[in-house]
Structures are given as structure tokens and as C-alpha cells.
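Below, each chain spelled out in residue letters.
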Amino acid sequence: MATQRPRRIFLTGFSGSGKSAVAALVAAALGWRVLDTDDTIEERSGRSIPDIFARDGEARFRELETEALREAARQVGVVVATGGGIVQSAGNRRLMADGGFVVCLEGQPEVLWRRLRDAGGSATERPLLSGPDSLGRIRALKARRQPFYALADYTIHTDNLEPPQVAEEVLGAWRRLSARAARDPDRLSGEPASADASEGTCWVNAESARYPVYVEWGALARLGERLRGAGLSGAAHVISDDHVWHHYGEAALASLRQAGFEADSYVVPAGEASKSLTTASLLYEWLASRRAERGHAVVALGGGMVGDLAGFAAATYLRGLPLVHVPTSLLAMVDASIGGKVAVNLSEAKNLVGAFYQPRMVVADVSALTTLPARELTSGWAEVAKHALIMDPDLLSTLEARVADLRRLEPEVTTAVVRRNVELKAQVVSEDERETTGRRTILNYGHTVAHGLEAASEYETLLHGEAVAIGMAAAAAIGQEMGVTPAALVERQAAVLASFGLLQEAPGIDPERALAALALDKKVSGRAVRWVLLEDVGRPVLRDDVPAALVRQAVRLVCGAAGMREGHSG
Ligand SMILES: NC(=O)c1ccc[n+]([C@@H]2O[C@H](COP(=O)([O-])OP(=O)(O)OC[C@H]3O[C@@H](n4cnc5c(N)ncnc54)[C@H](O)[C@@H]3O)[C@@H](O)[C@H]2O)c1
């Protein structure tokens, strides 16, 4: 016997997605009634929602919201417009799914923001729009709720639709799909894989380990608490460099001690020279003198150098101590601390001795960027731009729109952007932990030429991110010449890199030396160099058929030796 269509429809989605307008239209078409959980709360309590939030807190509001939903779920022949955060509770999702059909109305943050703004209303009525950076806050909040919005029977992207068209879609989906969906009342009750109850947490789901990355402004104060939460206890051995230690050493120790850890520290001189086997031996001796045991944590407090070095020591001492990364540079936050690569340098080459060793957790205190030297910060933005270009058009738009705020480290947008970058890197690493499927290779966008430039300058002239920005310019030029990368994208990339203060030429570097280093790379790997080129934002392609002459021209171009077009046609 065929199951009947449920006679309740719930509309979920962020504010501004059009739930109320669409609910009214759908209800009219079916001859049903319309309900709005926010209206029910205000009617029953006799107070406005902002007032409930302000005086009783969010927890109380959520209780009232569940009561309103329960009341709606007892009705028959209703279309219910729900509050934007209602989906976060599994209990609420079950109330909706049991005998109801759940449709999520989606929209891009910019569109939602525009709709909310155009709808007018005072700042108290529209708290999402009050205060600075309303769009940034909408983006961040929506991103956090996104895994829960995905738990719906049907999703409609409303960006280019008017409410009557959305209503038509809701009705169509209800007619086609609701009878089947309604057979399982628990279908939306599971927890989404990528969500975590704690704000600001991303997860890395690598094959060998699953671990949280806490990205918060001020996260250092909760370091000890986080370690405890992960089941660590006893001693915590903090490794840092002298620059970072000066700013954050005491705060890290205090937080660990307050949480009951026996915390001690080893501080190495700042700079790449410390990332050596010699320093690693000193760390082993220190760990031995501290009687470090299997369960004791090693805490890497610093930039990528400290992360790699301390990570290497943690991976090898006693065949592995639990490792906690506390990245303090932008590069370390968005790149080096995520993914489990640890290494030290040999005089022959960088990162020659190392391992894949995933940390127990990463605690990124975004506020630490306020003391990072300006040049290091600028260099870090190159990796951020790279992530946006290869994976996330929305992030690229944010970088373009918010460059001034990001460069002055406005807390909210900077935290949101760092978090998004962590998510992106985590996603790739989760799919291809050990670089076996090729997925992780996309992260090498701009890196082929960058490595050549770094080697040619003996790692002295350019910071890594600076070399990557120049390498991206070279890759874009190659892509354009090969008909892969549209000219408009080449320009867009150049503009965004320039807006973050990144140069795209390295006139002081000898192109022949850079080319020799590239050729050496190729010889060492025994394979053709695999170039990452961009077809569009978010659409990288791997190519191993880039003609040597084109590489030569691109490298000469970024070394200020010859123009691409000039070289190609000549
Ligand atoms: N493991 C990986 O996946 C991976 C990826 C990329 C890079 N790396 C490695 O990372 C290293 C580069 O990382 P990096 O750019 O962070 O360099 P870094 O660790 O040397 O830090 C750069 C400088 O900034 C200082 N610093 C860092 N944070 C600070 C803060 N909050 N306030 C004040 N000063 C601060 C450091 O003391 C140092 O002088 C290289 O060794 C590279 O090989 C590793």
C-alpha cells in the first residue's frame, strides 16, 4: 500500500532565504494554514526574540523554539516557516521529520544579506545586520550551520528565484518525494559528519587519524582545557622558538598548568637553521631528561619551522608522543599545521628527513597574528589566496571584498577566513593523506616555480609565500599560453595577490638557476613535472605536458628577464 503524503511541510534555512513568503504561498496553494515558529514564540511569551536572547540567553530561546516546533508538529495541514537555527538540534529535526516533509531554502550569503538589508527593519529587529561586518558574520554563522541545513528532504537554491517559483518547487518536491521520505521518521536525526558542537572547530578526517582544529581568536587561553578534553594528562612539553616564546610562552604554560599539566619548555633560536637533526637531537636529550613518557604531549608553539621540528621530534621519540600543534604564523595556521607532514632539513635539501605524523589536535589562536612581522603575514596571505583560487570562489570573493579588514586583522573576518582555509586544507588532506591519489597535488599550485626560485636564491631572498605568489603568476602565464587559463582569471589573480601586497616578480633571481633547480626536481622525482593550472576559480587541472620552452619563458618572465608574449612570438 502506498504511503500517504505527509500533511505538514517544514521550511528550513538561514534568515533571508524567503521561508515566510514561500510558506504563505505553499499554504495558499494547498488550502493549508501557515505557521512561523518565531511568531509562535513571540505570541506565547509576549516578548520579542531579541529581548529573549538579551535577557534570558540563547539556551532559553532554544527551549521556547522546541516548544513552538512541538506545537506545530501536532497540527495537520500546515506549512511551517522555522527559525534559522532550529536545524541544529537532532530532537528538532526528528520532530519535523516524523510525519512532515522538510525542505531547506538555500542562498548565498551575499544574496541573503542583500535581502535582509532590503527588507528594512530596525537594528533590534534584525540583529544579524547590526554592528560592523554583517556580511562576514552571516557567512561565518551560515558556514557553521551548513552541515545541519544539509539534513533536509529537499533543498532549493533560491538565489535567482522569486518566491512563487520557490513555492512551485516546494510543491513539486512534496508531490514527488514526500510519501517515500515520510516512511522513516529518523532520517534526519543523525549528526552530520562534519559538524562539532563546539564553535570554531574543523575536523581532519585522515585515514590514519581524526582530529579537531580549533580556530578561535584567543584560543591560547583554553589550551590546557583543550588538551584535557582530548584525554591528555600528566606532562606537556612545550617546544617553541625565541621570538614566539617572548610573546606567548608564559600564556601557554599558564593555561597548561591551570588545567593540571606539569608543563615545561624548550626554546630554540628562531629561523630555518633550527630545523635540523642537530636541534632534533637536543630535543631528544631534553625529553629524556624530563623523563617524557608515551602519554605525555609535545606542544609545538610557533610557526611552520617549530611545527615541523617539534612534530619530527614527537613522531620519533619513543616511536611517537601525542603532538599538539599551536600554530602562530599565518602560514602555519592555514597550511603547515594541517596534514601531518613533519620534517627537518639536511644540508642537501629542505625537508629531506621526515614523516607523516598526524597531531592529536591543532589549537590556532588567530589573535597571535597581531604580533607576526608584517612581511611574514603578507607571505602567509599567498597560501590563503592559493586555497581560494584552487578551491573556493566564495573565499576568493571574500578576499577581494575584505582585503583591507583582513590586512588589519579585524578579528571576526580574519578568524572566519583562517577557519575556512583550515577546512579547505583539511578536506584535501582527508581525501589524500599521503599524496597517493593526486588530490593533494592541487595544493602545489604555484609551488613548482616557487621551489625553483627558492632554491635559486638559496632560501635567502624570498619567504615561502612570496615565492608561491610569484610561482602562481608563472603558472597563470603558462595556463594562459596553453589556452587553459582565461585572461580575466590571470588578471583577477594578479589583482588579488597585489592587493595583499604580494609581488609577482623576482627580478633579482637568475632564471637559469631557477630552471636548473626545476630540472633537478624533475630528475629526482624521475617523472615529468606535474603542473597545476587553473581552468577557473575552483577548477584546477593537472598537466604533465607543459612544453619546456613555455616553462623557460614563464620563469624568465617572473624573473623580469623577458615578457611572455614577446618570448612566445619571438
Ligand atoms: N609541514 C607542512 O606541511 C609544511 C607546509 C608549509 C611549510 N612548512 C614549513 O614551515 C616553515 C615555514 O613556516 P613559517 O612561515 O611559519 O616560518 P617560521 O616558523 O620560521 O616563522 C617565521 C618567523 O615568524 C616568527 N613568528 C611566528 N609566529 C609569530 C607570532 N605570532 N608573533 C611573532 N613572531 C612570530 C618566527 O619566530 C619566525 O621568526 C618552513 O620550515 C616550511 O618548510 C611545512
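Up top is the structure.
Residues numbered from 1 in each chain as written. Predicted model: local features only at pLDDT ≥ 70, side-chain atom pairs only at ≥ 80, totals over all residues. Heavy atoms only, no water.

J.: So what exactly am I meant to see when it comes to the site of the ligand here?
T.: Around the ligand there are 25 residues in total, and Asp241, Gly304, Thr328, Ser329 and Thr371 lie nearest to it. Between the ligand and the protein, one listed contact pairs an oxygen atom with a backbone N or O atom of Met305 at 2.9 Å. Side-chain polar atom of Ser329 to an oxygen atom of the ligand: 2.5 Å apart, as the coordinates give it. Listing elements by their share of the shell around the ligand, those giving two or more residues are α9 (242-258), α11 (304-316) and α12 (330-336). In terms of residues, the shell around the ligand owes the most to one element, α9, which gives four residues. Here the shell around the ligand is built from residues that sort into nine nonpolar, eight polar and eight charged. (Near = heavy atom within 4 Å. Polar contact = N/O pair within 3.5 Å; in protein donor to acceptor, adjacent residues only side chain to side chain. Helix = DSSP H or I, 4+ residues; strand = E, 2+ residues; numbered from the N terminus. Nonpolar A, V, L, I, M, F, W, Y, C, P; charged D, E, K, R; others polar.)

J.: Can you help me understand the pairing of strand β11 (residues 323-327) in this one?
T.: Summarising burial for β11: five of the five residues are buried, a large majority. Residue alternation in β11 divides its side chains into two sets, Leu323, His325 and Pro327 and Val324 and Val326, and both sets are buried. Both strand β10 (residues 297-302) and β11 contribute to a ladder of five bridges, which runs parallel. Along β11, the bridge assignment pairs Val298 with Leu323. Tracing the backbone out of β10, into α11 and back to the parallel element β11 gives a crossover that is right-handed. (Buried < 20%, exposed > 50% of the residue type's maximum accessible area, 1.4 Å probe, protein only. Pairing = 2+ DSSP bridges. Right-handed = clockwise from strand over helix to strand, strands pointing away.)

J.: What is the right way to look at the packing of helix α17 (residues 447-456) against helix α18 (residues 464-481) in this model?
T.: Each pair of packed helices gets described by two things: the angle between the helix axes and the distance between those axes. It is at 7 Å that the axes of α17 and α18 come closest, and there the two elements cross at 130°. In terms of axis orientation, α17 runs oblique to α18. Of the two possible hands of crossing, α17 and α18 adopt the one that is right-handed. Where α17 abuts α18, its residues His447, Val449, Ala450, His451, Leu453 and Glu454 lie against His464, Ala467, Val468, Ile470, Gly471 and Ala474. (Axes fitted to C-alpha atoms, helices over the stretch in contact; angles between N-to-C directions. Parallel < 35°, antiparallel > 145°, perpendicular 65-115°, else oblique. Left-handed = near helix turned anticlockwise from the far one by under 90°. Contact = heavy atoms within 4.5 Å.)

J.: Would you explain unusual backbone geometry in this entry?
T.: Outside of glycine, negative phi angles account for most residues, and trans bonds account for most peptide bonds. One non-glycine residue with positive phi stands out, namely Leu318, at about 50°. Along the polypeptide, Leu318 turns up in the loop between α11 and β11. Although it is not a glycine, Leu409 adopts a positive phi angle of roughly 60°. Relative to the elements of secondary structure, Leu409 occurs in the loop between α15 (403-407) and α16 (411-431). Look at Leu409 and you get buried, because its relative accessible area is 9%.

J.: Would you mind going over empty space enclosed by the protein with me for this structure?
T.: To find leftover empty space, one rolls a probe the size of a water molecule over the atoms. Going through the model one piece at a time under the given rule, you end up with two cavities of 30 Å³ or more. There is about 60 Å³ of room inside the largest cavity. If you trace the largest cavity, you find 14 residues lining it, with Gly303, Gly307, His325, Ala336 and Ser337 closest to the centre. Contributions of two or more residues to the lining of the largest cavity are made by β10, α11, β11, α12 and β12 (341-344). Considered class by class, the residues forming the lining of the largest cavity number six nonpolar, six polar and two charged. (1 Å grid on protein atoms, 1.4 Å probe; cavity = no way out; pocket = protein on both sides within 12 Å on 5 of 7 lines; lining within 4 Å. Points joined across faces, edges and corners; volume = space filled by probe spheres on them.)

J.: So what exactly am I meant to see when it comes to the nonpolar core here?
T.: Soluble globular proteins tend to bury their nonpolar side chains together. Judged by nonpolar contacts, the single largest core of 106 residues is most densely connected at Leu223, Leu227, Trp381 and Leu399. Sort the elements by how many residues they give to this core and α18 lands first, with ten residues. When residues no more than four places from it in sequence are discounted, the contact partners of Leu223 are Ala252, Ser255, Leu256, Val299, Val324, Val326 and Val363. Counting residues in each nonpolar core, the second largest holds 23 residues, with Trp286, Ala292, Ala310 and Tyr317 among its members. (Core = buried A, V, L, I, M, F, W, Y, C linked by side-chain atoms within 4.5 Å.)

J.: For this particular structure, what's the right way to read the sheet that holds strand β2 (residues 33-36)?
T.: Across a sheet, paired strands are connected by hydrogen bonds in the backbone, their directions being either parallel or antiparallel. Pairing in this open sheet of five strands is parallel, and the strands run β2-β3-β1-β4-β5 from one edge to the other. At either end of the open sheet lies a strand with only one pairing partner, and these are β2 and β5 (154-157). The sheet shows a mean angle of 20° between the axes of neighbouring strands, direction not considered. The pairing of strand β1 (residues 8-12) with strand β3 (residues 78-81) spans four bridges and is classified as parallel. In the sheet register, Ile9 faces β3, and the bridge partner there is Val79.

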